[in-house]
Amino acid sequence: MATCLKDVFIEVPIAIREGTTAILRCDYDLEQEALYTVKWYKGRREFFRYVPKELPHTRVFPLDTINVDVSESGPNQVVLRQVTPELDGKYRCEVSADAPTFQTRIVAAWMHVVRTMGGKPELHLEKPQYSLGEKLKANCSSPPSNPPANITWFINNKGLGNGQIIRIPSVRPSGQLFKTVSSIEYDVLIAGKLKVKCQSDIYHVIWSETEVMLDEDKPRLASILQPHDHSAGLTSTPPFNIILLITIYCVVIR
């Protein structure tokens, strides 16, 4: 029965915070063949190699800003400590079977290293309460990050999309970051409380959110049904029909 190298699969974090640890995995099926080598590349440059027939089995090639944890790396994974923004890019895993076939498969994936100030987005509303039929106006600002964050709006857990987006750059000692600002206008068509939420996310992996619960601004019925006396001793105006009778009586006496 013929055997071959197959089902080569790479698993790389889509996005990871600067300064954290990245685990890059490469799985494969040799179908009873022996493993010859596993090589890892950042772009076109090799930085890690695993060779089971050699001692030591692992070899690290110098590459700026890449810090390989050799004790945790092996035939199926390579571990990178303290990742930096420079490690953002394309990674390749190259797997080769041993003699006699020396079959080779290469798979690739992108990893994005995110620089962010952390924290939750800032949510601001034009008014603290809204009535049925009014237009709710709000804006939301994400924490500074690179790449810029995406903002999604929710009212009563129903998604409203991204709103009107602008991105504001700022230069910091660690490099350029971007603040994402989004604004919405929403017609209040449902009576009762409103839960307004804005969510900031980067590649749907790193995210945070802020929400505000608003009470309905209901009219005060007592103010409509009863007149208010604003000064002591002031009596309410008599009904219109009483004034009319008094006027007619005065005319008859003359």
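About the criteria used
Residues numbered from 1 in each chain as written. Predicted model: local features only at pLDDT ≥ 70, side-chain atom pairs only at ≥ 80, totals over all residues. Heavy atoms only, no water. Helix = DSSP H or I, 4+ residues; strand = E, 2+ residues; numbered from the N terminus. Contact = heavy atoms within 4.5 Å. Areas by Shrake-Rupley, 256 points an atom, 1.4 Å probe, with all protein chains shown as cover. Phe/Tyr/Trp six-rings, centres within 6.5 Å; stacked < 30°, edge-to-face > 60°. Buried < 20%, exposed > 50% of the residue type's maximum accessible area, 1.4 Å probe, protein only. Core = buried A, V, L, I, M, F, W, Y, C linked by side-chain atoms within 4.5 Å. Salt bridge = Lys/Arg side-chain N within 4 Å of Asp/Glu carboxyl O.

Enquirer: Is there a simple way to think about the overall build of the protein chain in this case?
Expert: Assigned secondary structure in the protein chain consists of two helices and 18 strands. The long-range fraction of contacts in the protein chain, counting pairs at least 24 apart against all pairs at least 6 apart in sequence, stands at 59%. Split by element, the accessible area of the protein chain, about 16,000 Å² in all, is 55% carbon and sulfur.

Enquirer: Just to check I follow, could you spell out the packing of aromatic side chains for this structure?
Expert: Aromatic rings in a pair are described by how distant their centres are and how their planes are angled relative to each other. For the structure on display, the rule yields two aromatic pairs. Here Phe47 and Tyr91 contribute two aromatic rings whose centre-to-centre distance is 6.2 Å and whose plane-to-plane angle is 90 degrees, an arrangement assigned as edge-to-face. Taken together, the positions of Phe47 in strand E5 (residues 45–50) and Tyr91 in strand E8 (residues 89–97) put the pair 44 residues apart, joining distant regions of the chain. The class for Tyr91 is buried, based on a relative accessible area of 0%.

Enquirer: Sorry, what's going on with the nonpolar core here?
Expert: It is characteristic of soluble globular proteins that their nonpolar side chains tend to be buried jointly. With 31 residues, the main nonpolar core has Leu24, Tyr28, Trp40, Phe47, Leu80, Val95 and Met111 as its most contacted residues. Of all the secondary-structure elements, those providing two or more residues to this core are strand E1 (6–11), strand E3 (22–29), strand E4 (35–42), E5, strand E7 (77–80), E8 and strand E9 (104–116). Residues Leu123, Tyr130, Cys140 and Cys198 belong to the second largest nonpolar core, which totals 14 residues.

Enquirer: In this structure, what is going on with the pattern of salt bridges? I would like to understand it.
Expert: A side chain of one charge can pair with a side chain of the opposite charge if their charged atoms are brought near each other. This model, assessed by the stated rule, comprises nine salt bridges. A salt bridge links Lys53 to Asp98; its shortest N-O distance comes to 2.6 Å. With Lys53 in the loop between E5 and strand E6 (58–60) and Asp98 in the loop between E8 and E9, this pair connects stretches of sequence that are 45 residues apart. For Lys53, a relative accessible area of 65% puts it in the exposed group. Overall, the relative accessible area of 6% leaves Asp98 in the buried class. Between Lys135 and Asp187 there is a salt bridge; the shortest N-O distance is 2.7 Å. Note that Lys135 is positioned in strand E11 (residues 135–141) and Asp187 in strand E16 (residues 175–187), a separation of 52 residues in sequence. Note on Lys135: relative accessible area 37%, which makes it partly exposed.

Enquirer: Looking at this structure, I do not really get the side chain of His112. What am I missing?
Expert: Locating His112 in the fold gives a position in strand E9. Here His112 is in contact with Pro13, Ile14, Ala15, Ile16, Asp88 and Tyr203, once residues within four sequence places are set aside.

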